[in-house]
Amino acid sequence: MAFFLEALFGGLMAGMLYALVALGFVLIFKASGVFNFAQGAMVLFAALAMARFSEWIPGWLGIEDKFLGNLIAFVLAAALMYVLAWLIERWVLRHLVNQEGVTLLMATLGITYFLDGLGQTIFGSAIYKIDVGMPKEPVFLFDSVFPGGVLISLEDVYAACIAALLVVVLSLFFQKTGTGRALRAVADDHQAAQSIGIPLNRIWVIVWFVAGITALVAGIIWGSKLGVQFSLTTVALRALPVIILGGLTSVPGAIIGGLIIGVGEKLSEVYLGPFVGGGIEIWFAYMLALVFLLFRPQGLFGEKIIDRV
């Protein structure tokens with residue numbers, strides 16, 4: 001039972017991180033109808049900014065307090081993601097209004113390679129460290145219930161709590177603020193939103209910035225766990241099955257889909273891996289996504305894309 005709980009908790013923690021990356025896809029698609037292939041590059045770019053700013057700022061300002069240095073680095077990285085969102089809207093999106101979906105998809109591919117090159121030019125191409133104080137040592141819980149206890153990674157727990165907190169904040173933002181309601185109106189019907197005076201250009205900047213913040217938080221978490229390196233862009237590939245399962249137009253679907261994928265990967269690797277030679281964790285999510293594409297292409301909570309056109 002303890003072994004099962006360890007796998008279950010590990011899957012839930014990983015699932016929250018997958019959901020965090022998937023949220024960037026969902027937010028941008030809901031507000032602009034663009035499938036943002038650049039989300040992985042945004043995660044890398046934001047993580048590089050955070051890593052390098054946290055390294056440079058203590059020297060620039062003479063700050064010795066690590067928390068203050070990380071806080072300033074986070075604010076600067078977030079400001080950089082806002083500038084990036086503004087540039088993407090001004091230089092790319094506003095020139096592609098009412099274009100075909102494949103045109104917008106190719107534009108996001110171009111943004112991907114641009115961000116990869118820009119990040120390497122500005123911040124360098126080495127492997128960098130992000131240290132935000134998350135504990136690295138695992139702990140044993142429930143010693144009195146299970147012999148030896150249940151091994152839990154505190155770093156994964158902290159990361160999952162941060163991801164969950166961001167999800168709650170985003171939910172409150174969309175439900176309780178005027179800007180959030182405007183974003184929901186744009187997601188429901190672009191033309192109707194324009195007819196009542198909602199400026200699409202400003203909304204697109206906001207939603208790309210919000211997606212940039214989710215990319216920044218995801219980049220900090222993944223960078224803290226694995227180091228900031230250019231393979232970090234592939235984290236977006238882990239989120240693709242999540243949005244297929246949960247639905248490309250559903251924020252709750254991204255969260256629940258991430259949890260299902262995370263738990264499914266861990267449990268299948270632990271309990272089915274020995275019978276098929278292992279490696280299930282690598283392809284399980286994609287096989288599950290393929291099943292949903294065949295039988296329910298809109299996902300668990302998404303709506304049929306054809307209904308939105």
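Small disclaimer: the values here were computed from a predicted structure and weren't measured. (Residues numbered from 1 in each chain as written. Predicted model: local features only at pLDDT ≥ 70, side-chain atom pairs only at ≥ 80, totals over all residues. Heavy atoms only, no water.)

## Re the overall build of the protein chain
Scanning the protein chain for helices and strands turns up twelve helices and two strands. Secondary structure elements in the protein chain, listed N-terminal to C-terminal, are α-α-α-α-β-β-α-α-α-α-α-α-α-α. Relative to the globule expectation of 19 Å for 309 residues, the C-alpha radius of gyration of the protein chain, 20 Å, shows essentially globular dimensions. Summarising its shape, the C-alpha atoms of the protein chain cover approximately 65 × 60 × 35 Å along the three principal directions. The buried share of the protein chain, taken over its 309 residues, is 47%. Within the structure as shown, the protein chain displays about 15,000 Å² of accessible surface, and the carbon and sulfur contribution to it stands at 68%. Separation of charge centres in the protein chain, based on 17 positive and 19 negative side chains, amounts to 8 Å. (Helix = DSSP H or I, 4+ residues; strand = E, 2+ residues; numbered from the N terminus. Rg over C-alpha atoms; globule rule 2.2 N^0.38 Å. Buried < 20%, exposed > 50% of the residue type's maximum accessible area, 1.4 Å probe, protein only. Areas by Shrake-Rupley, 256 points an atom, 1.4 Å probe, with all protein chains shown as cover. Lys, Arg positive; Asp, Glu negative; His and termini not counted. Charge placed at Lys NZ, Arg CZ, Asp CG, Glu CD.)

## Quick word on the nonpolar core
Counting 90 residues, the largest nonpolar core has Trp208, Trp222 and Val228 as its most contacted members. In terms of residue count, the dominant contributor to this core is helix H8 (residues 200-226) (16 residues). Dropping the residues within four chain positions of it, Trp208 is found in contact with Ile28, Ser32, Asn36, Met42, Ala85, Ile88, Leu93 and Ile111. (Core = buried A, V, L, I, M, F, W, Y, C linked by side-chain atoms within 4.5 Å. Contact = heavy atoms within 4.5 Å.)

## Description of the packing of helix H3 (residues 66-91) against H8
As a packed pair, H3 and H8 sit with axes 8 Å apart at the nearest point and diverge in direction by 140°. Overall, the two elements H3 and H8 adopt an arrangement that is oblique. The handedness of the crossing between H3 and H8 comes out as right-handed. Only Asn201, Trp204, Val205, Trp208, Phe209, Gly212, Ile213, Leu216, Val217 and Ile220 of H8 make contact with H3, whose side of the interface consists of Phe74, Ala77, Ala78, Met81, Tyr82, Ala85, Trp86, Ile88 and Glu89. The class makeup of the residues in the contact of H3 with H8 is 16 nonpolar, two polar and one charged. (Axes fitted to C-alpha atoms, helices over the stretch in contact; angles between N-to-C directions. Parallel < 35°, antiparallel > 145°, perpendicular 65-115°, else oblique. Left-handed = near helix turned anticlockwise from the far one by under 90°. Nonpolar A, V, L, I, M, F, W, Y, C, P; charged D, E, K, R; others polar.)

## Notes on the packing of aromatic side chains
Applying the stated criterion to the full structure yields nine aromatic pairs. Here the aromatic rings of Tyr82 and Phe209 are separated by 5.4 Å at their centres, their planes lie at 80°, and the arrangement is edge-to-face. Taken together, the residues Tyr82 in helix H3 and Phe209 in helix H8 connect sequence positions 127 residues apart. Judged by its relative accessible area of 40%, Tyr82 is partly exposed. On the basis of relative accessible area, Phe209 is assigned to the partly exposed category, the value being 24%. Aromatic ring contacts, followed pair by pair, group Phe45, Phe53, Trp56, Trp60 and Phe123 into a single cluster. (Phe/Tyr/Trp six-rings, centres within 6.5 Å; stacked < 30°, edge-to-face > 60°.)

## Examining the pattern of salt bridges
Evaluation of the coordinates by the stated rule reveals five salt bridges. In this structure, Glu55 engages Arg52 in a salt bridge whose closest nitrogen and oxygen atoms are separated by 2.8 Å. In this pair, Glu55 and Arg52 are both assigned in helix H2 (residues 39-61), three residues apart and thus about one turn of the helix distant. Look at Glu55 and you get partly exposed, because its relative accessible area is 46%. You can call Arg52 buried: its relative accessible area is 13%. The shortest N-O distance in the salt bridge between Lys225 and Asp156 comes to 2.5 Å. (Salt bridge = Lys/Arg side-chain N within 4 Å of Asp/Glu carboxyl O.)

## Let's talk about a nonpolar patch on the surface
Residues Ile282, Trp283, Met287, Leu290, Val291, Leu293, Leu294 and Phe295 make up a contiguous nonpolar surface patch of about 870 Å² in total accessible area. As for its position among the elements, Leu290 is in helix H12 (residues 280-295). (Patch = residues over 30% accessible without salt bridge, like charges linked within 9 Å, V, L, I, M, F, W, Y side chains within 5 Å.)

## Concerning H2
Taking 1.5 Å of rise per residue, the 23 residues of H2 would be expected to cover 33 Å, and the 32 Å separating its terminal C-alpha atoms lies within 8% of that figure. Maximum bend of H2: about 25°, positioned at Ser54, with proline Pro58 one to four residues after it. A large share of H2 lies buried, amounting to 17 of its 23 residues. (Expected span 1.5 Å × (residues − 1). Bend = angle between axes of the 7 residues up to and from the residue.)

## Points about the environment of Leu115
Mapped onto the secondary structure, Leu115 falls in helix H4 (residues 101-123). Along the chain, Leu115 and Gly40 lie 75 residues apart, while their C-alpha atoms are 9.9 Å from each other. Beyond its immediate sequence surroundings of up to four residues, Leu115 is in contact with Ala41, Met42, Phe45 and Leu84.

## Regarding the confidence of the model for the protein chain
Residues at a pLDDT of 70 or more form 94% of the protein chain, whose mean pLDDT is 84. Element-level mean pLDDT values for the protein chain span from 71 in helix H7 (residues 190-195) up to 94 in H3. Confidence drops under a pLDDT of 50 for residues 305-309, and excluding neighbours within four residues, the segment shows seven contacts in the predicted structure. (pLDDT = per-residue confidence, 0-100.)

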